[in-house]
Amino acid sequence: MMFVFAIFALFIAMVLVLVRLYAGPTLYDRVLAVNSFGTHTVLFIGVIGFLTGRPDFLDIALLYALINFVGTIAILKYFRYRAIGDVHQRPTDREIGH
């Protein structure tokens, strides 16, 4: 019964995070909402795995957590540098010696 309540609470939290994703005034609010939704999804998968007696769901949850983390870092890097790969900056006149 307690885990059913946990699933219900996680579902409500996920809905609230989706509301924040839609209403977030800045890009960083939206990225934080997506990251939080991913974290709630990891918890949801873990609780479902425990309720169904399938410990292999924990492996799926850990993989999803890694994808969520790397994806969040990639999105933030893209919006900061407008590139995903190596960022090559042009040297300034001061660095060249002019």
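Nothing here was measured: the structure is a model prediction, and the numbers come from that model.

A. Structural detail: the environment of Ala13. Here Ala13 is to be found in helix H1 (residues 2-23). Overall, the relative accessible area of 22% leaves Ala13 in the partly exposed class.

B. Layout of the packing of helix H2 (residues 27-52) against helix H3 (residues 56-81). Look at H2 against H3: their axes get within 8 Å of each other, and the N-to-C directions meet at 175 degrees. Considering their axes alone, H2 and H3 lie roughly antiparallel with respect to each other. Each residue belonging to the contact of H2 with H3 can be placed in one class, and the counts come to 15 nonpolar, eight polar and no charged.

C. Here's a closer look at the pattern of salt bridges. Following the criterion strictly, the structure yields two salt bridges and no others. Here Asp29 makes a salt bridge to Arg20, at a shortest N to O gap of 3.6 Å. Taking relative accessible area as the criterion, Arg20 reaches 42% and is therefore assigned partly exposed. Measuring nitrogen to oxygen at the nearest pair gives 3.2 Å for the salt bridge that ties Arg54 to Asp56. The exposure class of Arg54 is partly exposed, given its relative accessible area of 41%.

D. Local environment of the environment of Leu51. By the element assignment, Leu51 lies in helix H2. With 44 residues separating them in the primary sequence, Leu51 and Ile7 have C-alpha atoms 9.9 Å apart. When sequence neighbours within four positions are dropped, the list of residues in contact with Leu51 reads Phe3 and Ile7.

E. Spotlight on the side chain of Thr72. With respect to the helices, strands and loops of the structure, Thr72 is situated in helix H3. Judged by relative accessible area, which is 11%, Thr72 ranks as buried. Other than its neighbours up to four places away in sequence, Thr72 contacts Val31 and Asn35.

F. Region of the structure containing H1. Helix length check: H1, at 22 residues, gives a terminal C-alpha distance of 32 Å against a target of 32 Å (1.5 Å per residue), a fit within 8%. Of the positions making up H1, those classed as buried are Ile7, Leu10, Met14 and Val17. An end-on view of H1 places all buried positions within 85 degrees of arc, on one side of the element. Along H1, exposed side chains directed more than 90 degrees from the buried face belong to Met2, Phe5, Phe8, Leu16, Tyr22 and Ala23. Packing partners of the buried residues in H1 comprise H2.

The rules we used
- Residues numbered from 1 in each chain as written.
- Predicted model: local features only at pLDDT ≥ 70, side-chain atom pairs only at ≥ 80, totals over all residues.
- Heavy atoms only, no water.
- Helix = DSSP H or I, 4+ residues; strand = E, 2+ residues; numbered from the N terminus.
- Buried < 20%, exposed > 50% of the residue type's maximum accessible area, 1.4 Å probe, protein only.
- Axes fitted to C-alpha atoms, helices over the stretch in contact; angles between N-to-C directions.
- Parallel < 35°, antiparallel > 145°, perpendicular 65-115°, else oblique.
- Nonpolar A, V, L, I, M, F, W, Y, C, P; charged D, E, K, R; others polar.
- Salt bridge = Lys/Arg side-chain N within 4 Å of Asp/Glu carboxyl O.
- Contact = heavy atoms within 4.5 Å.
- Expected span 1.5 Å × (residues − 1).
- Arc of directions from axis to C-beta.

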